[in-house]
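Close look at the chain arrangement
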Amino acid sequence: MLNGGTHTTSATIEWAVTETIRHPRILEKAQQELEAVVGLHRRVEESDLEKLPYLQCIVKETLRRHPPAPLLVPHMSTQACKVGGYDVPKGTTLFVNAYAIGMDPSYWENPLEFLPERFAGTAVDVRGQDFELLPFGSGRRSCPAMTMGLKTAQFAVSSLIHAFDWSAEIPRAVKDLTIDEGFCSLLWPETPLLKAVATPKLSKDAY
Ligand code: HEM
């Protein structure tokens, strides 16, 4: 429970903040939404999250582009079945490649691109009902804490980009920042992605 809940959530937060800082256009759009909903005189509260659709798109896109558990956890077939024309005997260990599903160009246009807008105005969600996007798995053994994971990630990401302006530390240019992925059952940033510089942007009494 502790392992499954901590690294998955922290990887989501790290990827989301990194992608947002790498794309100044996305950072600016998210900050505009936050300023309109929350303002500059207090910090984000949990009750604000549902009023932040663009922020929700950023977290969804993060879970598509960098799913923290790209192969979910191993499953086992409880009975013999056929999948995609292949016979799967009872008792077979099965891996679901959620990473490949989220990158499938027949479902996702320009899948390598980090583009939160692709979720605007669509009903596609991350909760296991839409099979083109399965960062939490699906069915009986899907993540039992997906709501908690989502809310925690949304809260942390929105708090960080609302309370601070972000820039990448000179001399590394923003465009050169690597997003190489490391994999050891979970999908991690291969190298520390950013030495980011945070500049407070709220009124002093908000901190
Ligand atoms: C963004 C955050 C999270 C992501 C992306 C995530 C993802 C996943 C995935 C992919 C699975 C396996 C599903 C499958 O194989 O079908 C899983 C299972 C699980 N997760 Fe999460 N998770 C997150 C947060 C959490 C949190 C916060 C907790 C606990 C507080 C948690 C507890 C668990 C547990 C206990 C299981 C095993 C369920 C079972 O075997 O029946 N997860 N999670």
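What counts as what
All residue numbers refer to positions counted from 1 along the written sequence of the respective chain. With pLDDT at 70 or above as the cut-off, local features in this predicted model cover only qualifying residues; side-chain atom pairs require 80 or more to be listed or tallied, and sums for whole chains, interfaces and linings still use all residues. Side-chain measures were taken over the full set of non-hydrogen atoms in the model, leaving aside hydrogen atoms and water. UniProt positions are given in the numbering used here, feature names are shortened, and annotations may be inferred rather than shown by experiment. Here, nonpolar core means buried Ala, Val, Leu, Ile, Met, Phe, Trp, Tyr and Cys residues that are tied together by side-chain atoms lying within 4.5 Å of each other. Burial status follows relative accessibility: with a 1.4 Å probe on protein chains alone, a residue under 20% of its type maximum counts as buried, one over 50% as exposed, and anything between as partly exposed. Numbering of helices and strands runs from the N terminus; a helix is a DSSP stretch of H or I covering at least four residues, while a strand is a stretch of E covering at least two. Throughout, a contact is declared for two residues whenever any of their heavy atoms are within 4.5 Å. Counted as donors are N, O and S atoms no farther than 2.8 Å from the metal, or 3.2 Å for Na, K and Ca; water is not among the atoms, and sites may therefore look incomplete. Pairing of aromatic rings covers Phe, Tyr and Trp, the last counted by its six-membered ring, and requires centre-to-centre distances within 6.5 Å; plane angles under 30 degrees mean stacked, over 60 mean edge-to-face, and any other angle means tilted. The rule is short: NZ of Lys or CZ of Arg within 6 Å of the ring centre and within 35 degrees of the ring normal puts a charge over the ring.

Per an unreviewed UniProt entry, the protein chain goes by the name Cytochrome P450-dependent monooxygenase and belongs to Selaginella moellendorffii. In the Cofactor (unreviewed entry) part of its UniProt record, the protein chain is described as follows: "heme".

The next point concerns the nonpolar core. As a rule of thumb, soluble globular proteins bury nonpolar side chains together. If you look at the biggest cluster of nonpolar residues, it comprises 31 residues, and the most contacted ones within it are Ile58, Val157 and Ile161. Mapped by element, the contributors of at least two residues to this core are helix H1 (2–22), helix H2 (24–37), helix H3 (53–65) and helix H5 (146–163). Element by element, the count of residues in this core is highest for H3, at six residues. Apart from residues lying up to four places away in sequence, Ile58 is in contact with Ala16, Thr20, Ile26, Ala30, Phe114 and Pro116.

Another point: the coordination of the iron atom of the ligand. Within the protein, just one atom coordinates the iron atom of the ligand: Cys143 (SG), at a distance of 2.4 Å. Position of Cys143 relative to the elements: it lies in the loop between helix H4 (98–102) and H5.

What follows is about the packing of aromatic side chains. One pass over the structure, following the stated rule, counts three aromatic pairs. A centroid spacing of 5.7 Å and a plane angle of 55° characterise the contact between Trp108 and Phe119, whose relative ring orientation is tilted. Here the residue Trp108 occupies a position in the loop between H4 and H5, and Phe119 occupies one in the loop between H4 and H5, the gap between them amounting to 11 residues. With relative accessibility at 2%, the residue Phe119 sits in the buried group. Between Phe164 and Trp166, the aromatic rings sit 5.9 Å apart at their centres with planes inclined by 65°, giving edge-to-face as the arrangement. Classification of Phe164 by relative accessible area gives partly exposed; the value is 22%. Relative accessible area serves as the criterion here: at 18%, Trp166 is assigned to the buried category. Feature note: the residues Phe164, Trp166 and Tyr207 constitute an aromatic cluster, connected by ring pairs. For the cation-ring pair, Arg64 lies above Trp108, with the distance from its terminal atom to the ring centre recorded as 5.6 Å.

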